[in-house]
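Fold and contact review
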Amino acid sequence: NKGKYEHYMQKEIHEQPESLTTTMRGRLIRGGSSKRKSVLLGGLKDHLKTIRRSRRIVFIGCGTSYNAALAARPILEELSGIPVMMEIASDLLDRQAPIYRDDTIIFVSQSGETADTLNALEYALENGALCVGITNTVGSAIARNTHCGVHLNAGSEIGVASTKAYTSQIVVMAMVALAIGADTISSKPRREAIIESLLNLPGKVREVLKLDQEMKDLAKSLISEQSLLMFGRGYNYATALEGALKVKEVALMHSEGILAGEMKHGPLALVDENLPIVVIATRDQCFSKQQSVIQQLKARKGRLIVMCTEGDAAAVCGGSGRVIEVPLVVDCLQPVVNIVPLQLLAYHLTVLRGYNVDQPRNLAKSVTTE
Ligand code: UD1
Ligand code: BG6
């Protein structure tokens, strides 16, 4: 049931304040007179000790689920102190990469039925690793065959392009990082700040959804482009990859997410006054580096669309180029806010270009063959 919406993708984008709320429900405790804040993940609590002792944590997923894990990687590294590796399921299997008994492998899959991810799970189980699932689907193969895990509780997602599952995945993985790091006294203020920001996140997402008309106007200006680049770094490298994936899969336009730190090592050659480029430059510890990326793109007359923190437009762009201003949240959760305008952009671009939003050409919601 699409309710007042024309498409499931549109509905699912707009229901993110609610889906994030249900993802967090009963799992964040802002407690009592001591004002203690903590995370309770029922599915992980008996395994946290083992996870803390593991030599590495490896994220495995495909598509959007991989991107969500990439967004959560920095905070998991920071709060766990354990090296976190990223693997695309099919690539891990192609390489038959080493997996050890003291590894924790986290399988991320909205559907819980993706064949590549399931094959990687079978491989990791054979190699004796602790296998953790993060899935939206109770009773799915990932949920059944992992040792433990966390359900997203985001509600069913029907649009082939994943939107609300992505933001719920990031939130669940941030909560996993908080749970693993919960025994470290030195990071307590940091963890409490993140929990506070999680509690405010649905409201911030509701605010950023007000950019809907602005993103429709931006889409109109991009309707007949051949290509769109997206530059991000740090927490928002994943935002660039996921924004580009959305544009590619539904709007059927070439789009590429690029790590801004790699700009000089190739992508800069593409820059001219015609190719539109989204630069994500919200406030975090990479901000000054992103400012210099913007300067270098401007020096080459790049056609920029800059995403920045509310109030930063003048400072970041000096009045030229297009700007997308978004509300500020704690750095590690900023990807949840920043992806929303790009989801809206991909949605409107698809509708304006006359393509099928909910069932993009050649794609399936759940890919159950290798
Ligand atoms: C569980 C209940 C929830 C109830 C809550 C009350 C289920 C599905 N969830 O939620 O309805 O309100 O307790 O305390 O009954 N798991 C895996 N692999 C995965 C995902 C999950 O093995 O990929 C396992 C978990 O380790 C756990 C179980 O499935 O044993 C349920 O996980 P989850 O729904 O996340 O747990 P709770 O949030 O505690
Ligand atoms: C398919 C979907 O390719 O599978 C993507 O079209 C999705 O949207 C990918 O990201 C992975 O799916 P899942 O269910 O494992 O997260």
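Definitions and cut-offs
Residues numbered from 1 in each chain as written. Chains lettered and ligands numbered in written order. Predicted model: local features only at pLDDT ≥ 70, side-chain atom pairs only at ≥ 80, totals over all residues. Heavy atoms only, no water. Near = heavy atom within 4 Å. Polar contact = N/O pair within 3.5 Å; in protein donor to acceptor, adjacent residues only side chain to side chain. Areas by Shrake-Rupley, 256 points an atom, 1.4 Å probe, with all protein chains shown as cover. Buried < 20%, exposed > 50% of the residue type's maximum accessible area, 1.4 Å probe, protein only. Helix = DSSP H or I, 4+ residues; strand = E, 2+ residues; numbered from the N terminus. Pairing = 2+ DSSP bridges. Right-handed = clockwise from strand over helix to strand, strands pointing away. Axes fitted to C-alpha atoms, helices over the stretch in contact; angles between N-to-C directions. Contact = heavy atoms within 4.5 Å.

If you check the shell around ligand 2, you find 13 residues, and the closest are Ser65, Ser109, Gln110, Ser111 and Thr114. One nitrogen or oxygen atom from the main chain of Gln110 is found 2.7 Å from an oxygen atom belonging to ligand 2. Here Ala364 contributes a backbone N or O atom positioned 3.0 Å from an oxygen atom of ligand 2. Out of a free accessible area of 390 Å², ligand 2 has 89% covered by protein chains.

Around ligand 1 lies a shell of 14 residues, among which Arg27, Gly43, Thr146, Gly149 and His151 are the nearest. Between an oxygen atom of ligand 1 and a main-chain N or O atom of Gly133, the distance comes to 3.3 Å. Backbone polar atom of Cys148 to a nitrogen atom of ligand 1: 3.3 Å apart, as the coordinates give it. Alone, ligand 1 offers 730 Å² of accessible surface; in the complex the protein occludes 51% of this.

As a further point, take the pairing of strand β11 (residues 303–309). The element β11 is extensively covered by neighbouring structure, given that 6 of its 7 residues are classed as buried. As defined by bridge partners, strand β10 (residues 276–281) adjoins β11 across 6 bridges and the pair is classed as parallel. By the bridge assignment, Ile280 is partnered in β11 with Met307. Taken together, β10, helix α12 (residues 287–299) and β11 form a β-α-β motif whose crossover is right-handed. Where β11 and strand β12 (residues 322–326) come together, 5 bridges link them in parallel fashion. Across the sheet, the residue bridging to Val306 is Val323, located in β12.

Right, let's get into the sheet that holds strand β5 (residues 103–109). Two modes of strand pairing occur in sheets, parallel and antiparallel, and in both the strands are linked by backbone hydrogen bonds. Pairing is parallel in the open sheet, where 5 strands are placed in the order β4-β3-β5-β6-β7. The open sheet terminates on both sides in strands that have one partner only, identified here as β4 (84–88) and β7 (148–151). Taken over all neighbouring pairs, the strand axes of this sheet differ in orientation by 20 degrees on average, direction set aside. Across 5 bridges, strand β3 (residues 56–61) lies against β4 in parallel orientation. Across the sheet, residue Ile60 finds its bridge partner in β4, namely Glu87. Packing against the sheet, helix α4 (residues 63–80) makes contact with β3, β4 and β5, and its axis sits at approximately 170 degrees to β4.

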